[in-house]
There are 8 protein chains.
Amino acid sequence: MTGFSDLGYARVDTDRESRQGLPEVVYGPGKQPAEISGIVTELLDRSTGPVLVTRVEPDVAAQVSVPGGSYDETARLLVWRPAAPGSFRVCVATAGTSDWPVAAEAEAVASAIGLSTTVVRDVGVAGIHRLLAARDELDRADAVIVVAGMEGALASAVGGLVACPVIAVPTSTGYGAAMEGVTALLAMLTSCAAGLTVVNIDSGFSAAMAAHRLTAVASR
Amino acid sequence: MTGFSDLGYARVDTDRESRQGLPEVVYGPGKQPAEISGIVTELLDRSTGPVLVTRVEPDVAAQVSVPGGSYDETARLLVWRPAAPGSFRVCVATAGTSDWPVAAEAEAVASAIGLSTTVVRDVGVAGIHRLLAARDELDRADAVIVVAGMEGALASAVGGLVACPVIAVPTSTGYGAAMEGVTALLAMLTSCAAGLTVVNIDSGFSAAMAAHRLTAVASR
Amino acid sequence: MTGFSDLGYARVDTDRESRQGLPEVVYGPGKQPAEISGIVTELLDRSTGPVLVTRVEPDVAAQVSVPGGSYDETARLLVWRPAAPGSFRVCVATAGTSDWPVAAEAEAVASAIGLSTTVVRDVGVAGIHRLLAARDELDRADAVIVVAGMEGALASAVGGLVACPVIAVPTSTGYGAAMEGVTALLAMLTSCAAGLTVVNIDSGFSAAMAAHRLTAVASR
Amino acid sequence: MTGFSDLGYARVDTDRESRQGLPEVVYGPGKQPAEISGIVTELLDRSTGPVLVTRVEPDVAAQVSVPGGSYDETARLLVWRPAAPGSFRVCVATAGTSDWPVAAEAEAVASAIGLSTTVVRDVGVAGIHRLLAARDELDRADAVIVVAGMEGALASAVGGLVACPVIAVPTSTGYGAAMEGVTALLAMLTSCAAGLTVVNIDSGFSAAMAAHRLTAVASR
Amino acid sequence: MTGFSDLGYARVDTDRESRQGLPEVVYGPGKQPAEISGIVTELLDRSTGPVLVTRVEPDVAAQVSVPGGSYDETARLLVWRPAAPGSFRVCVATAGTSDWPVAAEAEAVASAIGLSTTVVRDVGVAGIHRLLAARDELDRADAVIVVAGMEGALASAVGGLVACPVIAVPTSTGYGAAMEGVTALLAMLTSCAAGLTVVNIDSGFSAAMAAHRLTAVASR
Amino acid sequence: MTGFSDLGYARVDTDRESRQGLPEVVYGPGKQPAEISGIVTELLDRSTGPVLVTRVEPDVAAQVSVPGGSYDETARLLVWRPAAPGSFRVCVATAGTSDWPVAAEAEAVASAIGLSTTVVRDVGVAGIHRLLAARDELDRADAVIVVAGMEGALASAVGGLVACPVIAVPTSTGYGAAMEGVTALLAMLTSCAAGLTVVNIDSGFSAAMAAHRLTAVASR
Amino acid sequence: MTGFSDLGYARVDTDRESRQGLPEVVYGPGKQPAEISGIVTELLDRSTGPVLVTRVEPDVAAQVSVPGGSYDETARLLVWRPAAPGSFRVCVATAGTSDWPVAAEAEAVASAIGLSTTVVRDVGVAGIHRLLAARDELDRADAVIVVAGMEGALASAVGGLVACPVIAVPTSTGYGAAMEGVTALLAMLTSCAAGLTVVNIDSGFSAAMAAHRLTAVASR
Amino acid sequence: MTGFSDLGYARVDTDRESRQGLPEVVYGPGKQPAEISGIVTELLDRSTGPVLVTRVEPDVAAQVSVPGGSYDETARLLVWRPAAPGSFRVCVATAGTSDWPVAAEAEAVASAIGLSTTVVRDVGVAGIHRLLAARDELDRADAVIVVAGMEGALASAVGGLVACPVIAVPTSTGYGAAMEGVTALLAMLTSCAAGLTVVNIDSGFSAAMAAHRLTAVASR
């Protein structure tokens, strides 16, 4: 009993579900459709929870042949056995419409793994009244995922308003000095609002998984 | 009723405690001892919780004249009215002995704001058995703060073992390609262990405040 | 009639006042006290307006022997023949107390060259109500200089509130991912609030000079 | 009365015109044609001034179905209800022919929002007499927008000649050490000509909006 | 007798085999198929060992007309006269499935130049038990090539387990803060496991050649 | 008599030839074929020397309609009225075959403006005897242009051998840590061989023009 | 039997010697003298091989009170129980005199752990005959450690001459574009000489430890 | 006859003078005074030309005991046997007074190795008439060394005026976005004035040595 399945091209971590409450999530890029199918099949066999593949382009998704899955093109996400919505509420807030694809990944992954999600879109600080109007929605959340590109200032503004955990996701929205998301990343890391945490650029997936870890706190 | 006190040199956010459960924490660098004393006095008057000043050098601390405070030289932290230890357990894990000052700040701030803390030191991945031996301590925690410099690999290793929230703090330990902590920062952001979150380089303070936000989840 | 005075160690641009409405401002670093004295003397002789030397350390200032000057230690500024306050109103807003030295340079230079200045300190976005409370002061200004380090989000927030020119000054306040002010600089350049302009890191001087150019618009 | 219209995919800031004298300008990238159409329609209904969408590729522009708009392919700009030319004169100066697309955006946006524009092309410092010959045109302007890539030296040269506000736009023209416009950006920020201000790389839009803020000064 | 053949478009180092035990390996990018054919023919004539061309795209490989070669599409490698497997055992370990193309180049080059190779795939530290299960395979190797992207932590974990030489190859797997492989590169260079060595990003070739140099030690 | 021709889209510097001995060279990127044709026609009319357009892609070159020109596809160069070869001898040395396109631009521009050129290809330091064999050719040159990517070490080696001016051109050959030519650039700037000079990455053009300036020294 | 000793401030990896043939080497920076003494004492008790502490400043070394140690000030190294010289020969080659402190660390660590060392100093490529004259010494070595700053070209030159493993150590020698050793690091990683390996900037220690791993190959 | 003297701590390149017309120049940093003395003595014995040591701090210079030398504190240069001024004229032009120390090194090294030097100080482009007034001096030079920090625009302006070789030296003058001279370096490399060449940041020495190579052209 090794805790993994060796498929040759992959060692599937079959111990992950017992260790962390979720089966391993498959990272799509660089994998052949047949490899994805094989890993998904193994995970469906060896675990009971939701099985996800992230960052899958439509043409690849079309070639993955495991029955029962659904594909979300905006989020580029494949899901089998999605979890029922639980009591933990995550609010995904975006600074601009252009940040939506990243927010969509956060929202789709969070939903698939059993979190209850709401979305507040387009509340960038250039019109701060739009954010203040959303304060009730923010206050009802158990955690807020803030998705913002350019200068990423929304994270600081939200962080100053709410008391709950804030997970900031920098996006590569913007050009020039936006530096493909590095500017938003650095800005979020140095926020004057205390206690924000940050995940990788454009990684809606990481934010959703960080939110999932919070359920361990909620249920302790 | 504005929600702040205007001291001229500072606008103290007296609304912070009701909004986020903790009085404003004062950032020490660039402030005169008299300014620190004034802000602290105002916070003590206008709130009921712990009052902290971070990143205070010993010579400055010695000139801050508000009674009742205590100074932790390793953590460079001034504290008035520390909170009693609560039920939320934070484990601070360090990769090496040289990361201790940053971990000390995380531990001291967390303690001062009412978290229960334990420390696991020197469990870097070059001798992975040291980390595996600490697994029970990690599993008992409600959240883990991982403090590591150089390549920051401890965050990935811990993130793969525990199910709870992991807050990674990169440190500027190391030289050359360690790039003053940037390497550890980037490594933690791109960890293969899903759902880690990251705070600023050397910011034990940020990690502790992020842990504090988790108590909102614990008590919902 | 060459439009400059050749002192050997410097070519003083004596044409500057007629061209741009102000005598040349002397950049202090790397100059000997005797050189500063020589240049200042020449400028006082060959122009009629205020004469300034920036970034002068106290020990250097003490060795500059031209009568009639005054030294502002916080702003590190030497001034002769300061202009009377004019009708153009500049509001200098700072995100935190630690940004004050840079703001002080902006305020002192602006005052010395004839702008009317007001200061709004410590209105960072972590407590956005502090900024909103200052809205009247901001609205009364003909231009706002925003001085902020860390993630520099104050520039976006102010830029979204006021209609007048906003000159953003990133500061090197902060550590780690603040990157000595580069993070604030990039964030300000990519602000979601349209029409902000930005000057060099820590350059209160540049902001004041940019404000001076605005008087050409005011008086056209 | 919230000050914004919630379209689901966007919160249109309908308060912007009263706050800053111009309706919100729509950032095109990442938005679906139907979303652009919806936002534009809302802005036309809820405001009276010019409505603009920036950075729109021709194929997207062709799918935006709101009547009355015009499309400028070089500037990649969609405009409805352009403002009549006002008395404020902006001169757009370019260092080289290759900088034209960015200058075109600056010129088109400025025109659409009611500024009077002139253009001086191809006056790079490698043949400084070309710039000196344009001095009268520069002197007649209320503000100069300098558009330059490579080493961006034109900004310094113009900044030394005129007394009015100078807004420098670095472009990504050049290769290798031009670093996609970062070199020009940094060079403009460190110009030896005092009081220049800088906007994001390739952002003719930002420069025009900064010029619009100057009209608040002109009309005070 | 110059030690090289001057083909006009290339100076083939015909002395390399006597100097270093292997003919020159040809770097494919930027070379015309006819040039590759010419260089390969010359090397086959003037040496006795294996002849390799790296980083060859399939369409180029199809146009190289020298008989006797074989092409490995995953490794993008052309080989003539591969060496028989020797006694030196190299284990190629990968962190994830997406790192396989780089590992494939390392494995294919190593095999072609006479090393005995084994492969351990997908043993990233997020599931450390997968790596510990491979310990016997690692211990049997004379050298380990670790191929990892993202945060590259596998190199540290392997480096702490084995006593033999470890050659770390960072890959460009990952996005955002992975910085096209720079993060893994820096992380491997600053590993807390002592005595690791590192080669260029994505360079399976360099790792194999470094392993070849180890055979000089084995046979001394 | 202004010293330039204003074509609207360009100000052609017609004074350049008298000032610097060569007509202005046209930078191709970002210009329309009709613009190129117009500028070239003007230069042919207003000067007597060679007229060049650099960095022209084949499809653009085909649309430039000015008679008498020739196009070099490798060098991406259009030339009218090439100069006869003069007595100044430039040797272009390349580290590898992949550096040839950049070297070709240097060679073609140098030839077109009247320098006598020789080429020494593929003398990288990994087989230093290949360079030493070329020493006579290097010694016969009045100046050496060294073209090298990757680590750029050829510049140091040549710089240590010859006494004449060495102009180093870093190329973007290589991958990963080659950083698109930045590594070679920095390496050449910090060469232990004294008195090397460096031009922009991939700029064979700049090297040739720098060599042309040397003819002013040769003919003084 | 845990394989480590928990001293509170450190977990000493007492299993290291059996795993990798050498006791853990102590990294000095950030440790108190008493902590160093405690760790060293524990290592002396629990292992039989040499015990080393690296990067120890003289004032700290003077406070470490464990008998039997010796201190090398140039190498900043503390050593107890140095190993007798073995049969494995390492040649340390330096590009310039200024690289000596780093080379000294490599040489001192290598000697202390039982390698036989020779040194070839000051053979930079600006005078390539100095290196060629040292060829016999290089050829006699089982491995070469190349220590070079600035452009680091010595690594390529040595790598092209010898067949044995080459471990390149970039140093922070040089200024400006040397970028504190980053230039040499990148240059060594992209060397045209195949099969070089690289360690961290200024890390003579890492190079010596990498050489030690080679003895596992030599003795297999 | 090896062409070098092996002093143990250094291999003095005694062949340099015959190869390149000048004895080796000693790089001071990191060398002990006794080592400098030894190398200088050897060079004086084994060559006939000027002997120089660069970047020597005053306290080190005072300990170098070889008779006949002189020390220039501004240039930090030690010289023995300076050459008589030759016919080659180098003009050193500086953008600002603060660039003088770098220019002083260029001027002092150039003088010591036999070039005739003139200096034009403080001709930055913010007052372009100061540069135009110096045009005759520039035109009389055989080569111009341009020394400038901040945005380095002087190099472009000079490069557009003169026909002779221009060697640009970026300096670390400036702060913030000046990036310790990197901004000026990149700007000079991407100058719109064709045929400029560039040396390392703050390296007046390199510029002077590059000028010396030009004398090989002048005397051919």
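For the structure itself, look to the data block above.
Quick summary incoming for the structure in this document.

Rules behind the numbers
Residues numbered from 1 in each chain as written. Chains lettered and ligands numbered in written order. Predicted model: local features only at pLDDT ≥ 70, side-chain atom pairs only at ≥ 80, totals over all residues. Heavy atoms only, no water. Contact = heavy atoms within 4.5 Å. Polar contact = N/O pair within 3.5 Å; in protein donor to acceptor, adjacent residues only side chain to side chain. Helix = DSSP H or I, 4+ residues; strand = E, 2+ residues; numbered from the N terminus. Nonpolar A, V, L, I, M, F, W, Y, C, P; charged D, E, K, R; others polar. Least-squares fit on C-alpha atoms with pLDDT ≥ 70 in both. Buried area = accessible area lost by both parts, 1.4 Å probe. Salt bridge = Lys/Arg side-chain N within 4 Å of Asp/Glu carboxyl O. Pairing = 2+ DSSP bridges. Right-handed = clockwise from strand over helix to strand, strands pointing away. Buried < 20%, exposed > 50% of the residue type's maximum accessible area, 1.4 Å probe, protein only. Expected span 1.5 Å × (residues − 1). Phe/Tyr/Trp six-rings, centres within 6.5 Å; stacked < 30°, edge-to-face > 60°. Lys NZ or Arg CZ within 6 Å of the ring centre and 35° of its normal.

## Focus: the interface of chain E and chain G
Then, number 1: Listed per partner, the contact involves 36 residues of chain E and 35 residues of chain G.
Then, number 2: At the boundary of chain E with chain G, the tally comes to 18 residue pairs in polar contact (both at pLDDT 80 or more).
Then, number 3: Put simply, the parts of the chain that give the side of chain E that touches chain G at least two residues each are helix 1 (16-20), helix 7 (153-161), strand 10 (166-170), helix 8 (182-189), strand 11 (197-198) and helix 9 (204-218) of chain E.
Then, number 4: With nine residues, helix 9 of chain E is the single largest residue contributor to the side of chain E that touches chain G.
Then, number 5: Class assignment for the residues of the side of chain E that touches chain G results in 21 nonpolar, nine polar and six charged.

## Focus on the relation of the copies chain B and chain A
Then, number 1: In screw terms, the move from chain B to chain A is a rotation of 180° and a rise of 0.0 Å along the axis, fitting with an RMSD of 0.0 Å. Viewed as a symmetry operation, the transformation between the two copies matches a two-fold axis.
Then, number 2: Mapped onto chain A, 100% of the interface residues of chain B are again interface residues, and the two copies thus contact each other with one and the same surface.

## Quick notes on the interface of chain B and chain A
Often, the extent of an interface is quoted as the loss of accessible area upon association of its parts.
Then, number 1: With 36 residues of chain B in contact, the opposing surface of chain A contributes 36 residues.
Then, number 2: Between chain B and chain A, roughly 3,000 Å² of surface is buried when both sides are summed, and carbon and sulfur atoms account for 55% of that area.
Then, number 3: Seen at the junction of chain B and chain A, the total is zero salt bridges.
Then, number 4: Counting across the chain B and chain A interface gives 18 residue pairs in polar contact (both at pLDDT 80 or more).
Then, number 5: Ranked by residues supplied to the side of chain B that touches chain A, first place goes to helix 9 (residues 204-218) of chain B with nine residues.
Then, number 6: Of the residues in the side of chain B that touches chain A, the class split is 21 nonpolar, nine polar and six charged.

## Looking at the sheet that holds strand 3 (residues 26-27) of chain A
Residue and element names in this part refer to chain A.
Then, number 1: Ordered in space as 3-4-6-5, the four strands form an open sheet in which the pairing is mixed. The outermost strands of the open sheet, each flanked by one partner alone, are strand 3 and strand 5 (70-72).
Then, number 2: Alignment of strand 5 against strand 6 (residues 77-80), held across three bridges, turns out to be antiparallel. Its bridge partner lying in strand 6, Asp72 is registered against Leu77.

## Observations regarding the arrangement of the chains
Then, number 1: Of all C-alpha pairs spanning chain C and chain F, none lies closer than 21 Å, and the two are not in contact.
Then, number 2: The least C-alpha distance between chain E and chain H, which are not in contact, is 21 Å.

## Some thoughts on the pairing of strand 8 (residues 116-120) of chain D
It is a general feature of regular strands that their side chains alternate between the two faces of the sheet.
Residue and element names in this part refer to chain D.
Then, number 1: Bridge count for strand 7 (residues 89-94) against strand 8 is five bridges, and the pairing is parallel. By the bridge assignment for strand 8, Val92 is matched with Val119.
Then, number 2: Once the chain exits strand 7 it traverses helix 4 (residues 100-112) before rejoining the sheet at strand 8, and the crossover so formed is right-handed.

## What about the pattern of salt bridges?
Then, number 1: Counted by the stated rule, this structure contains 78 salt bridges over all chains.
Then, number 2: As a salt-bridge pair, Glu57 of chain H and Arg76 of chain H come within 3.3 Å of each other at their nearest N and O atoms. Of this pair, Glu57 of chain H sits in the loop between strand 4 (51-54) and helix 3 (58-61) while Arg76 of chain H is found in the loop between strand 5 (70-72) and strand 6 (77-80), placing the two residues 19 residues apart along the sequence.
Then, number 3: For Arg76 of chain H, a relative accessible area of 28% translates into the label partly exposed.
Then, number 4: One salt-bridge network, in which partners are shared between bridges, spans Asp13, Asp15, Arg16 and Arg19 of chain A.

## What to know about the relation of the copies chain E and chain G
Then, number 1: With an RMSD of 0.0 Å, the fit of chain E onto chain G corresponds to turning through 180° and sliding 0.0 Å along the axis.
Then, number 2: Comparing interface residues between copies, 97% of those in chain E also lie at the interface in chain G; the contact surface is shared.

## What to know about helix 9 (residues 204-218) of chain D
Residues and elements named next belong to chain D.
Then, number 1: For helix 9, with 15 residues, the first-to-last C-alpha span of 21 Å sits near the 21 Å given by 1.5 Å per residue.
Then, number 2: Most of helix 9 sits out of view: twelve of its 15 residues are buried.
Then, number 3: What helix 9 keeps buried is the set Gly204, Phe205, Ser206, Ala207, Ala208, Met209, Ala210, Ala211, His212, Arg213, Leu214 and Val217.

## Overview of the packing of aromatic side chains
Then, number 1: Considering all chains together, one arrives at six aromatic pairs over all chains under this definition.
Then, number 2: Pairing Tyr27 of chain A with Tyr175 of chain E gives two aromatic rings, centres 6.5 Å apart and planes at 25°, and the pair type is stacked. One end of the pair, Tyr27 of chain A, is in strand 3; the other, Tyr175 of chain E, is in the loop between strand 10 and helix 8, on a second chain.
Then, number 3: The ring of Tyr175 of chain E has Arg55 of chain A sitting right over it, with the charged end atom 3.7 Å from the ring centre.

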